[in-house]
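Observations on chain architecture
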Amino acid sequence: MAGDWRDALAGLNLTRDSYVTVLTGSGFSAESGVPTFRGEDGLWRNFRAQDLATPEAFARDPRLVWEWYDWRRGIIAGKEPNPAHYAVTDLENMFERFLLITQNVDGLHRRAGTVKLVELHGYIFGMRCTADGTVTENLEVPLAAIPPECECGAMLRPDVVWFGEALPERAITAALDASRECDLMLVAGTAAVVQPAASMPLMAKQAGAFVIEINTEFTPISPYVDLTLQGKAGAMMPQMVSALRDLIT
Ligand code: BV8
């Protein structure tokens, strides 16, 4: 198995001018100790994440939703990027044309030094005023007040994209353009069920990219990508980087 993917990469004739994209999901942060979105460890007071991450849940019970976010913020604040996050920053430094597309809201890719990134679903330490949309960063854990209030008196909401909400225009445009133009897409740590992110690997493949999936399980896109590597991102991503570095230098 190890030979296969290295031989496949060698056959792509990649150079440092090749366009490389990486699409990540919550499994990328699992080895940092951050609960995945749908995994058993992601449950909170027996609520499912997808039932709390909605405008309806927030309208119905902002205090409950904020208690969930406060719990998650507290977990994430104490965690560090893992080797998979640093491998992405290595890739960014190896390829002129590069974009990281992440579904994660934990900010760990930023903290690992990746600059060319789009956060499709927002950032959990961003606070958005529900009156005028102003966004500020708030790293306070635990939150002093739940629900937190803006200086203007309006309630604050997390600056994340909930189910049923549109993704930020700039992020979705950059992600779709990169998916259509890249030569290689690495898709790692995502169950590939949340749209529109889950369609991006298929778009990349249809546009001619070589798509490699790294996951500890099979996913709905596994049959359609060029290679599925069963393994942990923290181990596989650094191996991918060293193989790519050998190929382009
Ligand atoms: C939108 C922020 C339109 C909040 C999140 C088309 C078809 C079907 C449904 C839809 C569709 N279009 C829209 C929808 C509805 C919906 C959707 O996709 N529903 C799904 C559930 C069917 N999509 C939306 O609502 C999106 N909005 O399309 O808007 C629109 C347009 C105009 C105007 C109005 C509306 C918005 C979706 C964004 C939701 N917000 N997060 C928060 O986090 O609090 S999504 C949430 O799921 C997280 O961001 C998470 O990253 C993301 C995806 O989950 P995964 O990352 O895949 O995580 P998961 O736990 O599921 O899986 C982890 C994986 O890692 C597993 O596969 C596991 O095996 C693997 N793994 C574990 N450990 C490791 C590992 N892999 C490698 N190494 C390891 N160590």
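Residues numbered from 1 in each chain as written. Predicted model: local features only at pLDDT ≥ 70, side-chain atom pairs only at ≥ 80, totals over all residues. Heavy atoms only, no water.

1. As for the side chain of glutamine 103
With respect to the secondary-structure elements, glutamine 103 resides in the loop between strand S2 (97–102) and helix H6 (108–111). Classification of glutamine 103 by relative accessible area gives buried; the value is 11%. For glutamine 103, the side chain forms a polar contact with the side chain of threonine 190, separated by 2.8 Å. (Helix = DSSP H or I, 4+ residues; strand = E, 2+ residues; numbered from the N terminus. Buried < 20%, exposed > 50% of the residue type's maximum accessible area, 1.4 Å probe, protein only. Polar contact = N/O pair within 3.5 Å; in protein donor to acceptor, adjacent residues only side chain to side chain.)

2. A closer look at the domain arrangement of the protein chain
Annotation of the protein chain at the domain level lists domain 1 (3–34 + 81–121 + 167–247) and domain 2 (49–78 + 127–160). Taking the mean C-alpha position of each, domain 1 and domain 2 sit 29 Å from one another. Contacts between the two partners involve six residues from domain 1, matched on the other side by four residues from domain 2. Interface area, domain 1 with domain 2, both sides summed: about 430 Å², of which 64% is carbon and sulfur. When the buried surface of domain 1 facing domain 2 is broken down by residue, Val34, Val105 and His121 rank first, second and third, together holding 57% of it. Put simply, domain 1 and domain 2 have zero salt bridges between them. Of the residues contributing to the side of domain 1 that touches domain 2, the split by class is two nonpolar, two polar and two charged. (Domains from an automatic or database assignment. Contact = heavy atoms within 4.5 Å. Buried area = accessible area lost by both parts, 1.4 Å probe. Salt bridge = Lys/Arg side-chain N within 4 Å of Asp/Glu carboxyl O. Nonpolar A, V, L, I, M, F, W, Y, C, P; charged D, E, K, R; others polar.)

3. Focus on helix H7 (residues 169–181)
Helix length check: H7, at 13 residues, gives a terminal C-alpha distance of 18 Å against a target of 18 Å (1.5 Å per residue), a fit within 8%. Those residues of H7 that sit buried are Ala171, Ile172, Ala175, Ala178 and Ser179. Across the axial projection of H7, the buried residues extend over an arc of 135 degrees, all falling on one side. H7 presents Glu169 and Arg170 as exposed residues on the side facing more than 90 degrees away from its buried surface. In this fold, the buried residues of H7 make contact with strand S1 (19–24), S2, strand S3 (117–119), strand S7 (184–188) and helix H8 (200–206). (Expected span 1.5 Å × (residues − 1). Arc of directions from axis to C-beta.)

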